[in-house]
Amino acid sequence: MDQMANYIWIIPAAPLLGFMINAGVSFFYGADAPAGLKKLSALLSPAVILVSFFIGLGIFLEMLGHGESERAVSQNLYTWIKAGTLEANATLYLDQLSIVFVLIITGVGFLIHLYSTGYMDHDRSMIRYFAYLNLFTFAMLILVMADNILLLFVGWEGVGLCSYLLIGFWFAVPKYASAGMKAFIVNRIGDFGFIIGFFMLFWGVFHYSGTTNIAFDSLKSVVGSLPGWYLTTISLLFFFGATGKSAQIPLYVWLPDAMAGPTPVSALIHAATMVTAGVYMIARMSFIFIATPFTLTVISIVAALTAFVAATIAITQNDIKKVLAYSTVSQLGYMFLAIGSGAFTAGVFHVMTHAFFKALLFLGAGSVILSAHHEQNILLMGGLRKKIPVTFITFFIGTLAIAGIPGLSGFFSKDEILWKVYSTPNEFFPELPLFLWLTGLITAGITSFYMFRLLFLTFFGKFRGDDEEAYEEVHESPLTMTIPLMILAVLSAVSGYIGLPESLGGQNLIHKWLAPVLALKEEPVVNHEMESHLMNLSILVSFAGAFMAYVLYILKPATPGVIAKTFAPIYKLLYGKYFVDEIYEAVIVAPLLKIRLMLNTFDHKIIDAFVNLTAVVTKAISRLHGIFDRVFVDGAVNNVATFTQYQAGIMRNLQNGSMNRYLYYIVGSFIMIYVFIRIL
Amino acid sequence: MNFLFFEGISQNPNSYLILAIIIFCAGIFTVLTRKNIIGILLGIELMLNAGALNFIAFSFFRHESADYSGHVFAIFVIVLAAAEAVVALAILLAVYQQRRSVSTDDISDLKG
């Protein structure tokens, strides 16, 4: 038994190996590696992820064979930091929560790697791309397998770095490069909160309970001794960190811009895995969050706002990837909504289903973009369903799933969240759950609407591109791209059934699987009747959204323009994304630049003046030193020389070249020596 | 001192020493006063022989019949003088060939 547990280390090591090989080749050859090596890289990179996936699967199967409390496995690799009594180990830890993430990361990650081999086939820097992608997978696995906060932070920063590298992958285009920087900087703002949070946690844990063990298991048992306000501050800071990585208000602005990267990257990092790191982190530390109802309330409100705001923006966007990006922000809002209600299992469930259908949608979008010769504007598409049937069908399934059409995965996870939101009472505002639920419900309708709008504009109606030739040239993507689409489509359709709610006669397996390792609120009163009513309502809303999209974009394609004109201010507000970027520009960036100018002036006027003054003073002192040198030091040296010369002038007279004289000296000297010796 | 060979010579050591002094002083005088280098060399020879005479005299009057170290020294001095004369005359010839003169007045290039 448990043989697989000894091989945990392979899970992160395999992608790391892939990264090192790819990076080495990429470093050695630059952009223009031989075609053979590219083929090898395209073979190796998905393969290493597949290895990790199978090891993860093996461990998962072994876990299934154990009782609830014996499922966690860990492996200590080495002691990483040892400072006083503080000890941070590089320990890999897998329990019911992290194995779910490992399987999502490696499973979806493998499919996206596979897809990338087709998508990036013609890119010069394909090997560099795979190096980054493997490194990302490694960092993400470290993040979810970390045994303590510090190691988690390594992964946390690692995925941030890879995200930056991949968003700016085509760095020759300044816009893309700056999108990468924007993502990195915005993430750093969140990370700042996160760092402060865990410094406070270290200090608090040490101060109040005397322990310095920072492993999650140990923290779980000691956080109870921390005072409430302190814990609330920590959890708020952690949540702030999560808003950066998981794109919540106020730090979501980087995610839509992150679409500058290659589309598979958007699918893997900015939809399926990295952005859910915040959800994972909070779920991992659920024992802190559950103890701080204030933070949970804040999370709920922020999450509901994010979900709603992002969904409304998505209605008006015309870039296929932008729509999906805002949809991702909105869906992340749902996950945090679940967390805010203390329903961590529902949140993780939605992470999983979202990973499937959002990866599917992004990969589908990538396939569309590639087929349409790098056209991303959905207004210039249309009627593509006949040309690219596989992409269309899979994209359609993804749309159904995210829109919450019953029977597909999105419906179950979203409904679970909505039900938990509705049924969990709030200590501070008794009416809040109702508002949150209502917001969630409306957002679900909007989601359904904008997703079907996207679907209809892209695949139905007539082609609206420049000319017929372009339409004729649209072609289905290669198998390496369509196979992942098909697999993800199947998963998007069926993965919901592992969370089948009890009100529909299911077992809610994922809830039972995760519940032992998460701190959960007390189960709300079971009311299957009410749950069914709410479920019917949300089904109705989903279909209403889809129907509205059908009416507006298929039956009467002229109406959207009329509506946009009638409600011009609202349309402009939404189309301009609430002008959040502009507001940040005006409120934060511009003042910062002003301060920069002020500091510049300060530098020039004060610091430079000071430096110059120092220079002048130094020069004056040097001049004095110079005089001293010339008069005293040089004087002494020269006088010694002069004196020696003077002496020599006297002495040279002795040596006049006359041999007789020398002989006299010799004889005289002998006599003098004799006399001298005698006298003494 | 009953050797037949030595009968008829002075048994007083002082007479030999006085002779040596006279020869030595003659040598010094010659060295100091001559301007001709050959003359100076002659003076040096005189001084060397005065020294050798002293060695013989002291050795002879030490009343130790088996010790001939003084005599050995005298022979060394003679050999030394011969060698010195060879070198000095060789230098002298070289100087003469170059300057056509053996006067010390003409050989004063080393003055400071």
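Residues numbered from 1 in each chain as written. Chains lettered and ligands numbered in written order. Predicted model: local features only at pLDDT ≥ 70, side-chain atom pairs only at ≥ 80, totals over all residues. Heavy atoms only, no water.

Re the overall build of chain A
Across its full length, chain A holds 26 helices and two strands. Taking 26 Å as the expected radius of gyration for a compact globule of 680 residues, we find that chain A reaches 36 Å, considerably beyond that expectation. For chain A, the C-alpha atoms occupy an extent of roughly 140 × 65 × 55 Å along the three principal directions. Counting the 680 residues in chain A, one finds 53% classified as buried. Counting only contacts in chain A whose residues sit at least 6 apart along the sequence, the fraction spanning at least 24 positions is 80%. A total accessible area of about 30100 Å² is found for chain A, and carbon and sulfur atoms account for 70% of it. (Helix = DSSP H or I, 4+ residues; strand = E, 2+ residues; numbered from the N terminus. Rg over C-alpha atoms; globule rule 2.2 N^0.38 Å. Buried < 20%, exposed > 50% of the residue type's maximum accessible area, 1.4 Å probe, protein only. Contact = heavy atoms within 4.5 Å. Areas by Shrake-Rupley, 256 points an atom, 1.4 Å probe, with all protein chains shown as cover.)

Some points on the overall build of chain B
Across its full length, chain B holds three helices and zero strands. Reading chain B from its N terminus to its C terminus gives the helix and strand order α-α-α. Taken over 112 residues, chain B has a buried fraction of 26%. Sequence separation of at least 24 residues holds for 55% of the intrachain contacts in chain B that already meet a minimum separation of 6. When the accessible surface of chain B is split by element, carbon and sulfur atoms take 71% of a total near 7700 Å².

Some remarks on the domain arrangement of chain A
For chain A, the assigned domains are domain 1 (1-291), domain 2 (298-575) and domain 3 (581-667). With centres defined by C-alpha atoms, the gap from domain 2 of chain A to domain 3 of chain A works out at 75 Å. (Domains from an automatic or database assignment.)

Considering the packing of aromatic side chains
Residue and element names in this part refer to chain A. If you walk through the whole model with that rule in mind, you get 42 aromatic pairs over all chains. Aromatic side chains Trp-156 and Phe-194 sit 4.7 Å apart centroid to centroid with 10° between the ring planes, which places their arrangement in the stacked category. Of this pair, Trp-156 sits in helix α5 (residues 149-167) while Phe-194 sits in helix α6 (residues 174-209), and the two are 38 residues apart along the sequence. For Trp-156, a relative accessible area of 0% gives the class buried. (Phe/Tyr/Trp six-rings, centres within 6.5 Å; stacked < 30°, edge-to-face > 60°.)

Side note on unusual backbone geometry
Residues and elements named next belong to chain A. For the peptide bond that leads from Ile-249 to Pro-250, omega is 5°, which places it in the cis range. Relative to the helices and strands, Pro-250 is located in the loop between α8 (228-245) and α9 (254-257). Positioned with a positive phi, Ala-247 is a non-glycine residue whose angle comes to about 55°. One can find Ala-247 in the loop between α8 and α9. On the basis of relative accessible area, Ala-247 is assigned to the buried category, the value being 0%. A positive phi angle, near 60°, is found at Tyr-578, a position not held by glycine. Assignment of secondary structure puts Tyr-578 in the loop between α24 (568-575) and α25 (580-651).

Structural notes on the pairing of strand β2 (residues 86-94) of chain A
Residue and element names in this part refer to chain A. The element β2 is largely enclosed, with a buried count of seven among its nine residues. Examined bridge by bridge, strand β1 (residues 73-83) and β2 share nine bridges and lie antiparallel to one another. Note that in β2 the partner of Asn-76 across the bridge is Thr-91. Connecting the antiparallel pair β1 and β2 is a turn made up of two residues, with Gly-84 showing a positive phi of about 65°. (Pairing = 2+ DSSP bridges.)

Things to note about the interface of chain B and chain A
Residue-level contacts link twelve residues of chain B with eleven residues of chain A. Interface area, chain B with chain A, both sides summed: about 1000 Å², of which 61% is carbon and sulfur. At the boundary of chain B and chain A, one finds zero salt bridges. Where chain B packs against chain A, one counts three residue pairs in polar contact (both at pLDDT 80 or more). (Buried area = accessible area lost by both parts, 1.4 Å probe. Salt bridge = Lys/Arg side-chain N within 4 Å of Asp/Glu carboxyl O. Polar contact = N/O pair within 3.5 Å; in protein donor to acceptor, adjacent residues only side chain to side chain.)

A word on the layout of surface pockets
Residues and elements named next belong to chain A. Considering only enclosed or pocket space, the largest pocket measures out at about 760 Å³ in volume. Forming the walls of the largest pocket are 30 residues, and the residues nearest its centre are Ile-315, Phe-449, Leu-552, Tyr-553 and Pro-560. Secondary structure elements with two or more residues in the lining of the largest pocket: α13 (293-316), α18 (432-459), α22 (528-555), α23 (559-566) and α24. Classifying every residue of the lining of the largest pocket gives 22 nonpolar, six polar and two charged. Within this model, the second largest pocket holds a volume of roughly 570 Å³. As for the second largest pocket, its lining consists of 24 residues, and the residues nearest its centre are Phe-60, Val-100, Leu-103, Met-352 and Ile-498. Here the lining of the second largest pocket gets seven residues from one element, more than from any other, and that element is helix α3 (residues 96-119). Looking at the lining of the second largest pocket, its residues break down into 20 nonpolar, two polar and two charged. Built from parts of two domains, the lining of the second largest pocket gets at least three residues from each of domain 1 (1-291) and domain 2 (298-575). (1 Å grid on protein atoms, 1.4 Å probe; cavity = no way out; pocket = protein on both sides within 12 Å on 5 of 7 lines; lining within 4 Å. Points joined across faces, edges and corners; volume = space filled by probe spheres on them. Nonpolar A, V, L, I, M, F, W, Y, C, P; charged D, E, K, R; others polar.)

Some thoughts on the nonpolar core
Within soluble globular proteins, side chains that are nonpolar generally end up buried alongside one another. Residues and elements named next belong to chain A. Counting residues in hydrophobic clusters, the biggest one holds 199 residues, and the most contacted among them are Leu-94, Leu-201, Phe-238, Ile-282 and Phe-289. At 18 residues, helix α15 (residues 344-371) tops the list of elements feeding residues into this core. Taken domain by domain, this core gets at least three of its residues from each of domain 1 (1-291) and domain 2 (298-575). Discounting residues that sit within four places of it in the chain, Phe-289 has contacts with Ser-235, Phe-238, Phe-239, Ile-282, Thr-295, Leu-296, Ile-299 and Phe-344. (Core = buried A, V, L, I, M, F, W, Y, C linked by side-chain atoms within 4.5 Å.)

Describing the pattern of salt bridges
Residues and elements named next belong to chain A. Taken as a whole and assessed by the stated rule, the structure comprises eight salt bridges over all chains. Put simply, Arg-284 and Asp-95 hold a salt bridge, and the shortest N to O gap is 2.9 Å. Taken together, the residues Arg-284 in helix α11 (residues 277-284) and Asp-95 in the loop between β2 and α3 connect sequence positions 189 residues apart. Looking at Asp-95, the relative accessible area reads 2%, which means it is buried. Arg-188 is paired through a salt bridge with Glu-157; the nearest N and O atoms lie 2.6 Å apart. With Arg-188 in helix α6 and Glu-157 in helix α5, the pair connects residues that are 31 residues apart, well separated along the chain. Residue class for Arg-188 comes out partly exposed when judged on its relative accessible area of 32%. Looking at Glu-157, the relative accessible area reads 19%, which means it is buried. Residues joined by salt bridges that share partners form a network here, namely Glu-157, Arg-188 and Asp-191.

Side note on the environment of A:Phe362
Residue and element names in this part refer to chain A. Tracing the sequence through the fold places Phe-362 in helix α15. With a relative accessible area of 0%, Phe-362 lands in the buried category. The residues contacting Phe-362, other than those within four sequence positions of it, are Met-259, Thr-263, Ser-266, Ala-267, Ala-271, Lys-321, Leu-324, Ala-325 and Thr-328.

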